[in-house]
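# Reading the structure
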Amino acid sequence: ARECYAQALGIMNLVKGKNPFDADECLKNRAACLRNLGAACMGLKLYGEAIEHLSEYLRASPDDARILCRRGRAFVGRGDFAAAERDFAACLRLDPYDAEPHDELARLRDARAAPRRAMAGAAGVDNTQRRKWDRDAYAKRAAARALAAVVDAERSGTSRARRDAHARCARAMR
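Here is a short report on the structure shown in this document. (Residues numbered from 1 in each chain as written. Predicted model: local features only at pLDDT ≥ 70, side-chain atom pairs only at ≥ 80, totals over all residues. Heavy atoms only, no water.)

## Some points on the pattern of salt bridges
Under the definition given, this model contains four salt bridges. A salt bridge links Glu85 to Arg109, with the nearest nitrogen and oxygen atoms 3.6 Å apart. Of this pair, Glu85 sits in helix α5 (residues 81-94) while Arg109 sits in helix α6 (residues 99-122), and the two are 24 residues apart along the sequence. A salt bridge links Arg107 to Glu104; the shortest N-O distance between them is 3.0 Å. Highlighted residues: Arg107 and Glu104, both in helix α6, separated by three residues, approximately one helical turn. Take Glu104: its relative accessible area is 12%, and that puts it in the buried class. (Salt bridge = Lys/Arg side-chain N within 4 Å of Asp/Glu carboxyl O. Helix = DSSP H or I, 4+ residues; strand = E, 2+ residues; numbered from the N terminus. Buried < 20%, exposed > 50% of the residue type's maximum accessible area, 1.4 Å probe, protein only.)

## Quick word on the environment of Glu104
Taking the C-alpha atoms as reference points, Glu104 and Glu85, 19 residues apart in sequence, are found 8.5 Å from one another. Those residues in contact with Glu104, other than ones at most four positions away along the chain, are Arg73 and Phe88. (Contact = heavy atoms within 4.5 Å.)

## A word on the side chain of Asp64
The topology assignment puts Asp64 in the loop between α3 (47-60) and α4 (65-78). In this structure, Asp64 is buried with no salt-bridge partner, the nearest side chain bearing the opposite charge being Arg66 at 4.8 Å. A distance of 2.8 Å separates polar atoms of two side chains, one belonging to Asp64 and the other to Tyr57. Polar contacts involving the side chain of Asp64 include one to the main-chain amide nitrogen of Arg66, which spans 3.3 Å. Discounting residues that sit within four places of it in the chain, Asp64 has contacts with Tyr57, Leu58 and Leu94. (Lys, Arg positive; Asp, Glu negative; His and termini not counted. Polar contact = N/O pair within 3.5 Å; in protein donor to acceptor, adjacent residues only side chain to side chain.)

## Here's the deal with unusual backbone geometry
Positioned with a positive phi, Lys45 is a non-glycine residue whose angle comes to about 60°. Among the structural elements, Lys45 can be located in the loop between α2 (20-43) and α3.

## As for the environment of Arg145
Among the structural elements, Arg145 can be located in helix α7 (residues 127-156). By relative accessible area, Arg145 is classed as partly exposed at 33%. Residues Arg145 and Tyr97, 48 residues apart in the sequence, show an inter-C-alpha distance of 8.0 Å.

## Structural notes on α3
Counted at 1.5 Å a residue, the expected span for α3 with its 14 residues is 20 Å, and the 20 Å between its end C-alpha atoms agrees. Of the positions making up α3, those classed as buried are Tyr47, Ala50, Ile51, His53, Leu54, Ser55, Tyr57 and Leu58. (Expected span 1.5 Å × (residues − 1).)

## Some thoughts on the packing of α3 against α4
Following both chains from N to C, one finds α3 and α4 inclined at 155°, their axes separated by 9 Å at the closest point. The angle between α3 and α4 falls in the class roughly antiparallel. Considering how the two elements wind past one another, α3 and α4 form a crossing that is left-handed. Across the interface between the two elements, Tyr47, Gly48, Ala50, Ile51, Leu54, Ser55, Tyr57 and Leu58 of α3 pack against Ile67, Leu68, Arg70, Arg71, Ala74, Phe75, Gly77 and Arg78 of α4. Class assignment of the residues belonging to the contact of α3 with α4 gives a composition of ten nonpolar, three polar and three charged. (Axes fitted to C-alpha atoms, helices over the stretch in contact; angles between N-to-C directions. Parallel < 35°, antiparallel > 145°, perpendicular 65-115°, else oblique. Left-handed = near helix turned anticlockwise from the far one by under 90°. Nonpolar A, V, L, I, M, F, W, Y, C, P; charged D, E, K, R; others polar.)

Dropping the structure here:
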């Protein structure tokens, strides 16, 4: 798939539209090639190449939260956790109810906290305190997912979906 998208991107870079509609269609196709090429590179664990393609896409369309989140995952795969955190935070600014960036940020913070927990254990912090930290992190992620479900249910408009989502949110907030 990567080779096909790379070939299509090469063609789209050469093609120019003859009128404004054609030019706009060429830009849309080029953007789709960049998105898909970035996803294909992620699947092959070519994170540096994926970051290049996704960054090129984001230069033309910087308000795409889904692509920001994908590039954040590529940064994680590459080991650039600060850049990943910036992308996930930008994604949350664009769509604060999306559960995926909340989960990714929680994983990053948990990974950063793991060495501190090990040091705390060596320093005499008991297992009860460490379990409390884990429960608090889980509760925050569950609350974010439940809130996202409420927002989605409000958009869908069905009363049963709204009632179920509000109940899940209330349970998560306890």
